Amino acid sequence: MLTSITVALALLGAGSPVLSPVTGAPLPSARTGVPLGSTSATPAQRLPARAALTTTPASRARTTTFPTTPAALTSTSAARSAASTHRAAALDWRPCPDDKVGMECADLRVPVDWKQPGGREITLKLGRLRATGASEGSLLVAYGGPGGPGLALTRSAAHGWWTDLRRRMDIVTWDTRGYGEQFGGLSTGLPCTWTRLPLPAFPTDDAGFGRLSDTNRGYAEACRAKDPELFAHMSSADHARDMEAIRKALGDAKLNYYGASYAGFYGQAYARLFPGQVRTMVLDGTWSHSAADFSGELVAMARSNQEALDRFFDWCAGDGKCRGARGQWRRLVARAERDPVPARRAGIAYTGRDLQAFAIGAARQGVKAWPELAADIREAAAGDASGFVPDRGLRYPDQATGVTECTDWPRPADRSELEATIARLRRAAPDAGTANTLATGTLGCIGWPVPVTNPPAPLPKGLPPLLGAGAWGESDAVQRVVQQVPGSAVIRHEGPGHTLYGTNTCARAHINRYVTDRSLPPAPTNC
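Parameters and conventions
Residue indices follow the written sequence of each chain, beginning from 1 at its first position. For a predicted model such as this one, the threshold for reporting local features is a pLDDT of at least 70, and the threshold for listing and counting side-chain atom pairs is 80 or more; totals across whole chains, interfaces and linings nevertheless cover every residue. Heavy atoms throughout the structure, all of them, feed into the side-chain values; hydrogens and water do not. A run of DSSP states H or I qualifies as a helix once it reaches four residues; a run of E qualifies as a strand once it reaches two. Both are numbered from the N-terminal end. Relative accessibility thresholds used throughout: buried, under 20% of the residue-type maximum; exposed, over 50%; partly exposed, between the two (1.4 Å probe, protein chains only). When checking whether two residues touch, look at their non-hydrogen atoms; a contact exists if any pair is within 4.5 Å. Note on areas: Shrake-Rupley, 1.4 Å probe, and residue coverage restricted to the protein chains presented here. Two aromatic rings, drawn from Phe, Tyr or Trp (for Trp, its six-membered ring), form a pair once their centres lie within 6.5 Å of each other, and the interplanar angle then sorts them: stacked below 30 degrees, edge-to-face above 60, tilted otherwise. Lysine NZ or arginine CZ positioned within 6 Å of the ring centre and within 35 degrees of the ring normal marks a charge as sitting over the ring. In this description, a line fitted to the C-alpha atoms serves as the axis of each element, helices being fitted only across the stretch in contact, and the angle between N-to-C directions of two axes falls anywhere from 0 to 180 degrees. Angle categories are assigned with fixed cut-offs, so that under 35 degrees is roughly parallel, over 145 is roughly antiparallel, 65 to 115 is roughly perpendicular, and the rest are oblique. Polar here means any residue outside two lists: the nonpolar Ala, Val, Leu, Ile, Met, Phe, Trp, Tyr, Cys and Pro, and the charged Asp, Glu, Lys and Arg; Gly therefore counts as polar. Expected span of a helix: the number of residues minus one, times 1.5 Å. In this analysis a 1.4 Å probe is tested at points of a 1 Å grid over the protein atoms alone, and where it fits but cannot get out there is a cavity; an open set with protein on both sides within 12 Å along at least five of seven lines is a pocket; lining residues have an atom within 4 Å of a point. Grid points are joined across faces, edges and corners, and a volume is the space filled by probe spheres set on the points. In plain words, nonpolar cores are sets of buried Ala, Val, Leu, Ile, Met, Phe, Trp, Tyr and Cys residues tied together by side-chain atoms within 4.5 Å. Defined by distance alone, a disulfide is two cysteine sulfur atoms within 2.5 Å.

A. Region of the structure containing the overall build of the protein chain. Counting its secondary structure elements, the protein chain contains 16 helices and 16 strands. Residue burial in the protein chain is summarised as follows: out of 527 residues, 62% are buried. Sequence-distant contacts in the protein chain: of pairs separated by 6 or more residues, those separated by 24 or more amount to 74%. In the form shown here, the protein chain has an accessible surface area of approximately 19400 Å², with 51% of it arising from carbon and sulfur atoms.

Dropping the structure here:
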């Protein structure tokens, strides 16, 4: 399932494990367990040293500036109308508790249910780093997760990420609704115990599908019973309506937004709901929630994973000197699907899908991880998959309670639909299969007691040009989003990683110029 706080936190450092922009979860590998930035780490521990990246100097790049594109704000739903007309009280900015970086905090009251603006309200905790020069406006920032604590993460990055941009703009963030104390968030939280569980196996018959549905419902109801109303209003569209309330409370005429990882889905939802209110929007290291054909997007996810493994196998055939690795891999996966391969050191065993998930994670880390991956495949083929066992944390590909994810993504209605999807993805990605796609990521949503309230849908007309960014796989995915908006651009990093702004100075310079001057980089731009 698209999961965890670890996503938003780990993207803050180049030294963190590679994370899936598809599922929002850490891509498992034999070298990583609990990712850096998991809930067991403090905010200060989540910001490792910067890594050097090969970049194209931004000063040499030609840029194009696009004109203002006014568009009327139209209301197509009660919730959209409520968000656009909600009158927020003036924000009372005060120094944040225990502040050491100059961050100010304020509370903003918003409806739990945007379709009922006069009903119960919850509190959003906002944070602001004032511009160090004359402020020209605000950039609203979210780090994904879902549930990444915006205040804690922005404090951690205050003297790295945002130094240059603060010369001209205020940096504003918020702790997203529902993700409270356990996530380090200060907004109204769901009083739930958030856990991670191994991904379930695909059900092999209708009875198994029914049992999976009831198991998921049981986990969900334990959380839902604590606050049914908030539980039902946790989608990316609900977060997007909160963003509109924040924009209005700030007094900004238009929204400037940077969304990393899962927060890119908040941005896509906002673009659909409030196209006339967007000034600039950066989608960094995210995937498409804007496809007209979701089944086609699933195939694109699988093919991206296949490309990651293809890069590894191509290296094996050349510099890696592990010829025959692809054939050995396919035989291993087929055997593990019939009879899981033991990992003797851990006393467990892995299916073919488990091994695929771990191998994709390692392959996405680039050449530094490939020799060990080749060795792990050889050892597993000889009968011991211990090399695939994570050093820390859970030992299987896992998922968390999908309170946001299960309202954002379609789930199979029955076993026949699921089996058709499995077959289609296996044809598209013979080495990667269904691993690390939403075919596995939404297994925990089968039987969820809340419907999909924010399904993927194309972006509307009337948006100004958007800017996407991403590393391997992510850049292709975000291209599928922004190409729907004429004049948009994508910054690519042809290498491993997850999101670019924090670690890639070339990408950061382009993004800063876009947010301040609305000046887009040329196409293509590689950083």
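Now that the structure has been shown, we can carry on.
B. Layout of the packing of aromatic side chains. Here the structure, examined in full by the defined rule, presents 22 aromatic pairs. Ring geometry for Tyr262 and Phe265: centres 4.6 Å apart, planes at 90°, overall edge-to-face. Among the residues examined, Tyr262 registers a relative accessible area of 1% and is labelled buried. Judged by its relative accessible area of 2%, Phe265 falls in the buried class. Taken together, a centroid distance of 5.0 Å and an interplanar angle of 50° make the contact between Tyr270 and Phe274 tilted. For the pair shown, Tyr270 and Phe274 are each scored as buried. The ring of Trp472 has Arg311 lying over it, and the distance from NZ or CZ to the ring centre is 3.9 Å. Lying over the aromatic face of Phe202, Arg353 brings its terminal NZ or CZ to 4.6 Å of the ring centre.

C. Here's a closer look at the packing of helix α9 (residues 325-338) against helix α10 (residues 352-363). The geometry of α9 relative to α10 is characterised by a closest axis approach of 7 Å and an angle of 140° between their N-to-C directions. As far as their axial angle goes, α10 and α9 are oblique. Contacts between α9 and α10 involve Trp329, Leu332, Val333, Ala336 and Glu337 on the former and, on the latter, Gly352, Arg353, Leu355, Gln356 and Ala359. A class-by-class count of the residues in the contact of α9 with α10 yields six nonpolar, two polar and two charged.

D. Geometry of unusual backbone geometry. That bond from Gly145 to Pro146 is cis: its omega, -5°, falls within 30 degrees of zero. You can see Pro146 is positioned in the loop between β5 (138-142) and α3 (150-156). Its identity is not glycine, yet Asn436 carries a phi of approximately 55°, on the positive side. Note that Asn436 resides in the loop between α13 (415-428) and α14 (438-441). Under the relative-accessibility criterion, Asn436 is labelled buried at 9%.

E. Molecular detail of helix α11 (residues 370-381). With twelve residues, α11 extends 16 Å from end C-alpha to end C-alpha; this agrees with the ideal 16 Å at 1.5 Å per step. Turning to α11, its buried residues number three or more, namely Trp370, Leu373, Ala374, Ala375, Asp376, Ile377 and Ala380. Looking at the buried residues of α11, the elements they touch are α8 (294-317), α9, β10 (341-343) and α10. Positive backbone phi, approximately 115°, marks Gly383, located one or two places after α11.

F. Spatial organisation of empty space enclosed by the protein. Inspection of every chain in the model, using the stated rule, returns four cavities of 30 Å³ or more. Volume-wise, the largest cavity comes out at about 110 Å³. Around the largest cavity sit eleven residues that line it, and Leu197, Tyr219, Gln399, Ala400 and Thr401 are the ones nearest its centre. Among the elements of the structure, α4 (206-224) and β12 (398-400) are those that each provide at least two residues to the lining of the largest cavity. Considering only residue class, the lining of the largest cavity consists of five nonpolar, six polar and no charged.

G. Spatial organisation of the nonpolar core. Trp174, Tyr257, Phe312, Trp329 and Phe388 are the most contacted members of the largest nonpolar core, which totals 104 residues. For this core, the leading source of residues is α8, giving eleven residues.

H. Molecular detail of the state of the cysteines. A complete count under the given rule lists five disulfides for this structure. For Cys192, the disulfide goes to Cys223, at an S-S distance of 2.0 Å. Looking down the S-S bond of the Cys192 and Cys223 bridge, the torsion is 80°, so its handedness is right-handed. Of this pair, Cys192 sits in the loop between β6 (170-174) and β7 (196-198) while Cys223 is found in helix α4, placing the two residues 31 residues apart along the sequence. For the pair shown, Cys192 and Cys223 are each scored as buried. Between Cys406 and Cys445 runs a disulfide, and the two sulfur atoms are separated by 2.0 Å. Residues Cys406 and Cys445 share a disulfide whose torsion about the S-S bond is about -85°; that sign makes it left-handed. Linking Cys406 in helix α12 (residues 405-408) with Cys445 in the loop between α14 and β13 (467-470), this pair joins segments that are 39 residues apart in sequence. Like Cys406, the residue Cys445 is buried in the burial classification. Counting only the cysteines that form disulfides, in the order they appear in the protein chain, gives the pairing 1-2, 3-4, 5-6, 7-8, 9-10.

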